[in-house]
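The primary structure of each chain is shown beneath.
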Amino acid sequence: LPAWQDSQLFIKDLHFDGVPIRIYLPREPSASKRRGVIFIHGGCGIFGSIRSYERICRYIARKSDSVVVSLGYHLAPEYRYPAQTLECLSATVHFLKTADTYGVDPARIIVCGDSVGGTFATSVCQELVHRTDIPKIRAQVLIYPFLQALNFNLPSDQKNAAVPFLFRERAVHFILKYLNKDCSLKEPILAGSHVPGSINLKYRKWISPDLIPDEFKLGYKPPLPTVFLPQVHEEVQELFEPRVSPLLAEDAVVCGLPDTCIVTCEHDVLRDDGLLYKKRLEDNNVHVTWHHVEKGFH
């Protein structure tokens, strides 16, 4: 949708540090500074836009009486990884520095995203943990985020492999498209052949079916061992970077993250990413609110 007139909101298209954004400001005067919401849309980094998230951003602005900034980061593969994360980061920093201009309390700004927007929101918060020159993010809201590319055989992957709209195979296909990689690598990655034993061993404490609560593992069957393929590993090094797999961030980063709300859906291949990140955050004494949508899908 275009930025139509709205009786309750002022809507403007601007640029924050060169990144296209659409800002939604409540028309009703406020006695104090409002909260700010930075919204990062999903779409695997290759789909989606400010326009396609127009309704939800208006809804958030109206219902929460907040100033909403919708980020229109440029899409892959025309803009190569990690351009999307870096644009989200630079636009967020710009808003934190200029919040007063828009009647926003810089101490009450959250970052929110769905799907890969949740990945970017997570990455932005991780990158800002040690910044002392700008206000701290108050909270992050992660709606069925993609958070790791090591294990595509978790219980939710197995249970929801063929559930629309995000099939398990399609998820890996889109990740490879986003990273501008050869999509023929999909099958060995689905099997786990891109991960050497040393990395599996290192990250088993954070990414493992053993960490998923039993009620989410009904019918789960551990996959057969796979053969490590060094040539595939070399081709997809980006999958092991926290910008793609935020679950791999070190504890020194995770312990400094803001309060977090995680939304997971039962019929979603990414369900267990959210469950694993919830555990990691809680293990690092980060306050987490978790909403699980029993009948929800990606």
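Everything numeric here is computed off the predicted structure, so don't read it as measured data.

1. Looking at the pairing of strand β1 (residues 9-16)
In this structure, β1 lies alongside strand β2 (residues 19-26), joined through eight bridges in antiparallel fashion. Bridge pairing in β2 links Leu-14 to Ile-21. Between the end of β1 and the start of β2, which pair antiparallel, lie two residues, with Asp-17 showing a positive phi angle near 55°.

2. Considerations on the packing of helix α2 (residues 83-98) against helix α3 (residues 116-128)
When two helices pack together, their arrangement is given by the angle between the helix axes and the distance between those axes. Packing of α2 against α3 leaves a shortest axis separation of 9 Å and a crossing angle of 60°. Relative to α3, the element α2 lies oblique. The two elements α2 and α3 meet at a crossing, and its hand is right-handed. Every residue of α3 that contacts α2 at Gln-84, Thr-85, Cys-88, Leu-89, Thr-92, Val-93 and Leu-96 is listed here: Phe-120, Ser-123, Val-124, Glu-127 and Leu-128. When grouped by side-chain class, the residues that make up the contact of α2 with α3 number seven nonpolar, four polar and one charged.

3. Considerations on the domain arrangement of the chain
Assigned domains of the chain: these are domain 1 (9-143) and domain 2 (155-240). Taking only C-alpha atoms, the centre of domain 1 and the centre of domain 2 are 29 Å apart. Each partner contributes to the interface: domain 1 provides 11 residues, whereas domain 2 provides six residues. Interface of domain 1 and domain 2: buried area, both sides summed, is about 770 Å²; carbon and sulfur atoms make up 68% of it. Of all residues in domain 1, the largest losses of buried area upon contact with domain 2 belong to Cys-44, Ile-46 and Tyr-81, amounting jointly to 54% of the total for that side. At the junction of domain 1 with domain 2, the criterion picks out zero salt bridges. Linking domain 1 to domain 2 there are one residue pair in polar contact (both at pLDDT 80 or more).

4. With respect to the UniProt feature "domain: Alpha/beta hydrolase fold-3" (unreviewed entry) in the chain
With numbering aligned to this structure, UniProt lists the feature "domain: Alpha/beta hydrolase fold-3" (unreviewed entry) at residues 37-188 and 238-298. Split by type, residues 37-188 is 39% helix and 16% strand. Its first and last C-alpha atoms lie 39 Å apart. Helix and strand shares over residues 238-298 are 28% and 31% respectively, and the end C-alpha atoms of the span are 24 Å apart.

Reading the values: the criteria
- Residues numbered from 1 in each chain as written.
- Predicted model: local features only at pLDDT ≥ 70, side-chain atom pairs only at ≥ 80, totals over all residues.
- Heavy atoms only, no water.
- Pairing = 2+ DSSP bridges.
- Helix = DSSP H or I, 4+ residues; strand = E, 2+ residues; numbered from the N terminus.
- Axes fitted to C-alpha atoms, helices over the stretch in contact; angles between N-to-C directions.
- Parallel < 35°, antiparallel > 145°, perpendicular 65-115°, else oblique.
- Left-handed = near helix turned anticlockwise from the far one by under 90°.
- Contact = heavy atoms within 4.5 Å.
- Nonpolar A, V, L, I, M, F, W, Y, C, P; charged D, E, K, R; others polar.
- Domains from an automatic or database assignment.
- Buried area = accessible area lost by both parts, 1.4 Å probe.
- Salt bridge = Lys/Arg side-chain N within 4 Å of Asp/Glu carboxyl O.
- Polar contact = N/O pair within 3.5 Å; in protein donor to acceptor, adjacent residues only side chain to side chain.
- UniProt positions renumbered as here; feature names shortened; annotations may be inferred.

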